[in-house]
Amino acid sequence: MNLREDCDYIVKNAISRVLPHEAVKRALEGKKFSDGRLLLVSVGKAAWSMASAAYEILGEAIDEGMVITKHGYSRGEIGKLKIFEAGHPVPDDDSFSATSKVLEMTEKLKENDTVVFLLSGGGSALFEAPAVSSAELQDITGQLLACGADIVEINTIRKRLSKVKGGRFAVHCAPAKMFTVVLSDIIGDPLDMIASGPAYPDSSTSGEALEIAEKYGLRLSSDAIECLKTETPKSIDNVETVITGSVRELCAAAADACRTLGYEPHILTDCLNCEARDAGKMLAEKAVENADCEKPAAFIAGGETVVHIKGKGMGGRNQEIALAAAEGIDGMENVAVFSVGSDGTDGPTDAAGGYADGNTRKALSRMGIDIGKVLENNDSYNALKTCGGLIFTGATGTNVNDVAVVLIK
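> How should the overall build of the protein chain be read in this particular structure?
Each helix and strand in the protein chain was counted, giving 16 helices and twelve strands. For 409 residues, the compact-globule estimate of 2.2 N^0.38 gives 22 Å, and the protein chain sits close to it at 21 Å. Along the first, second and third principal axes, the C-alpha atoms of the protein chain reach 65 × 50 × 30 Å. The buried share of the protein chain, reckoned over its 409 residues, is 58%. Sequence-distant contacts in the protein chain: of pairs separated by 6 or more residues, those separated by 24 or more amount to 81%. When the accessible area of the protein chain is evaluated, it comes to approximately 16,000 Å², of which 49% is carbon and sulfur surface.

Here you go:
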C-alpha cells in the first residue's frame, strides 16, 4: 500500500476499536436497578450508538427513553426510544426543544426510580436549556468557538449559562438514582467538563468563569454576567459513573494499526493541546528529525487542538494540522501527516480531517494556492479538497477526541 492507503487503513481500524457499543454493553451487563421506573437518556454525538447498545441489554425494562444526537447522526429507530437530532457545535432550536422534552420526562421522579444517562462529546450543544436568551447563548457559543479557547475554558462558561449543565441535570432528577456511562472526548477525562458535566459536581468556580470571559473579551449582557457569577452544584450524591472510552484508547488503537502495517509506532502524547497549526509544524519537525530511520516509523499524538478563527474560509482543526505540516514535509517522498476527528466531522465541514504528504505543497502551488494565506483565512478545507487531501469517514458513532499521525516509510 502507498502512504495514503496506509492512512485510510489506520483511520478505519483505529476508529473501529473505540466504537462504544460493546463498552456500553459491558457497563450495563448484569447491572441491577431498583424496582421503580427505569428511564434512559442518551446525549451526544455517540448517543445513537450508545442507546442502541443499552437497549439491547435493557430492552423492555426501559419505561421511557430519549436520544439527542447531532443532525444526520441518527441511524433509525431504537425500540420505544424517542430520537431527536439537534445542532452542533452551536445549539439550535432543536437542541432546546429536545432538552425540554427530556426535562419533562424526568420531572417529579421518586427515590426508587433510575435514570440511565449515556453521555458523549457534543452534549454541550445538543443538551441545552439556556439560562439566558437562546439568541445570546448561541452568540456566546460562537464567540467561544472562534476565539481559540480550549474545551475546558469553553465548558466553564457554558455550564453557567445553562439550566442542565454543571451538575444541574442530576439535581433535577433527584431523588432518583442516576447510572451514567460516559464516553470521554476531553484530555484527562474530567467528568465535570465532558459535555459540560450535566450529572457531575463542578470543579470550576465563578471566578474562573469571569476570568475566562475577560481573557477572551467576550461580549456579554448583564444577565449573562450574573449567570457567570453563580456557583454550580459542588456536591451530588445520586449519581454513579462509569467511563467507557477515551483518547488514550484511540491512540493505542492507531498504534496497533500502524504496527500491523509494519510501522514501529511511538505515541508522543495523548494530551495534545495547542494551536492546530503549531501541532502541524511540530509533527512536520518530527518527520524531518526521523526521516532517515532504519525501518518504517509512526509518531502518534492524540488530544484536541484549538483554532483562532480570523478568516472567512472553511475548515477544522484537523485539516489545519495537516495543511500546516505540508510545508515542513515538502519534497519528502517517504512521509505523510494526517489528523482526524474520531466522530467523523472536523469543524463545520463534512470531512473527518486532512492528509498531507511530500507532494501536497507543490500540488497546491501549481494551482496558485499559498498555504500561509490559506491558513490565515482558515480555509484548509477548500485547499485540501483541490489536492485530494480531505479524509471522509461519515458519522462514526463514537467521539473520543482527535488523533494525528506521522508516517515515515
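What follows picks up the thread again.
> When you look at the nonpolar core in this model, what are you seeing that I'm missing?
Note on soluble globular proteins: their nonpolar side chains tend to be buried together. Of all hydrophobic cores here, the largest spans 50 residues; its most connected members are Phe-338 and Leu-407. Listed in part, the 33 residues of the second largest apolar core include Val-115, Ile-151, Val-164 and Leu-191.

> Explanation requested: helix H4 (residues 93–105) in the structure shown.
Taking 1.5 Å of rise per residue, 13 residues should cover 18 Å, and H4 covers 19 Å from first to last C-alpha, within 8% of that figure. Within the sequence span of H4, burial applies to Ser-95, Phe-96, Ala-98, Thr-99, Val-102, Leu-103 and Met-105. Elements in contact with the buried residues of H4: strand E1 (38–43), strand E2 (64–70), strand E3 (82–86), helix H5 (123–126), helix H6 (134–146) and helix H8 (168–173).

> Help me understand the layout of surface pockets in this model?
Over the atoms a probe the size of a water molecule is rolled, and this reveals where empty space is left. Considering only enclosed or pocket space, the largest pocket measures out at about 890 Å³ in volume. Together, 48 residues line the largest pocket, and His-88, Pro-89, Leu-145, Arg-317 and Gly-347 are the ones closest to its centre. Taken together, the elements giving at least two residues each to the lining of the largest pocket come down to H5, H6, helix H7 (151–158) and helix H13 (317–328). In terms of lining residues, the second largest pocket is bounded by Arg-4, Asp-8, Val-11, Lys-12, Ile-15, Ser-16, Leu-19, Ile-391, Phe-392, Thr-393, Ala-395 and Thr-396. Here the lining of the second largest pocket takes six residues from helix H1 (residues 3–17), the largest share from any one element.

> Before we go on, may I ask you to explain the sheet that holds strand E5 (residues 177–183) in this structure?
Sheets are built from strands that pair by backbone hydrogen bonding, the pairs being arranged parallel or antiparallel. Taking strand neighbours across the sheet as the criterion, the six strands line up as E3-E2-E1-E4-E5-E6 in an open arrangement whose pairing is parallel. Here the strands that pair on one side only, and so sit at the sheet edges, are E3 and strand E6 (239–245). Taken over all neighbouring pairs, the strand axes of this sheet differ in orientation by 15° on average, direction set aside. Relative to strand E4 (residues 114–120), E1 runs parallel, the two sharing six bridges. The residue bridging Leu-38 from the neighbouring strand is Thr-114, located in E4.

> Help me out: how do you make sense of the state of the cysteines in this one?
Put plainly, a disulfide is one covalent bond tying together the sulfur atoms of two cysteines. Per the counting criterion, the structure on display carries zero disulfides. Looking at the unpaired Cys-274, the closest cysteine sulfur is the one in Cys-271, lying at 12 Å. Here Cys-387 is not disulfide-linked; the sulfur of Cys-7 is the nearest cysteine sulfur, at 13 Å. Taking relative accessible area as the criterion, Cys-387 reaches 25% and is therefore assigned partly exposed.

About the thresholds
- Residues numbered from 1 in each chain as written.
- Predicted model: local features only at pLDDT ≥ 70, side-chain atom pairs only at ≥ 80, totals over all residues.
- Heavy atoms only, no water.
- Helix = DSSP H or I, 4+ residues; strand = E, 2+ residues; numbered from the N terminus.
- Rg over C-alpha atoms; globule rule 2.2 N^0.38 Å.
- Buried < 20%, exposed > 50% of the residue type's maximum accessible area, 1.4 Å probe, protein only.
- Contact = heavy atoms within 4.5 Å.
- Areas by Shrake-Rupley, 256 points an atom, 1.4 Å probe, with all protein chains shown as cover.
- Core = buried A, V, L, I, M, F, W, Y, C linked by side-chain atoms within 4.5 Å.
- Expected span 1.5 Å × (residues − 1).
- 1 Å grid on protein atoms, 1.4 Å probe; cavity = no way out; pocket = protein on both sides within 12 Å on 5 of 7 lines; lining within 4 Å.
- Points joined across faces, edges and corners; volume = space filled by probe spheres on them.
- Pairing = 2+ DSSP bridges.
- Axes fitted to C-alpha atoms, helices over the stretch in contact; angles between N-to-C directions.
- Disulfide = S-S within 2.5 Å.

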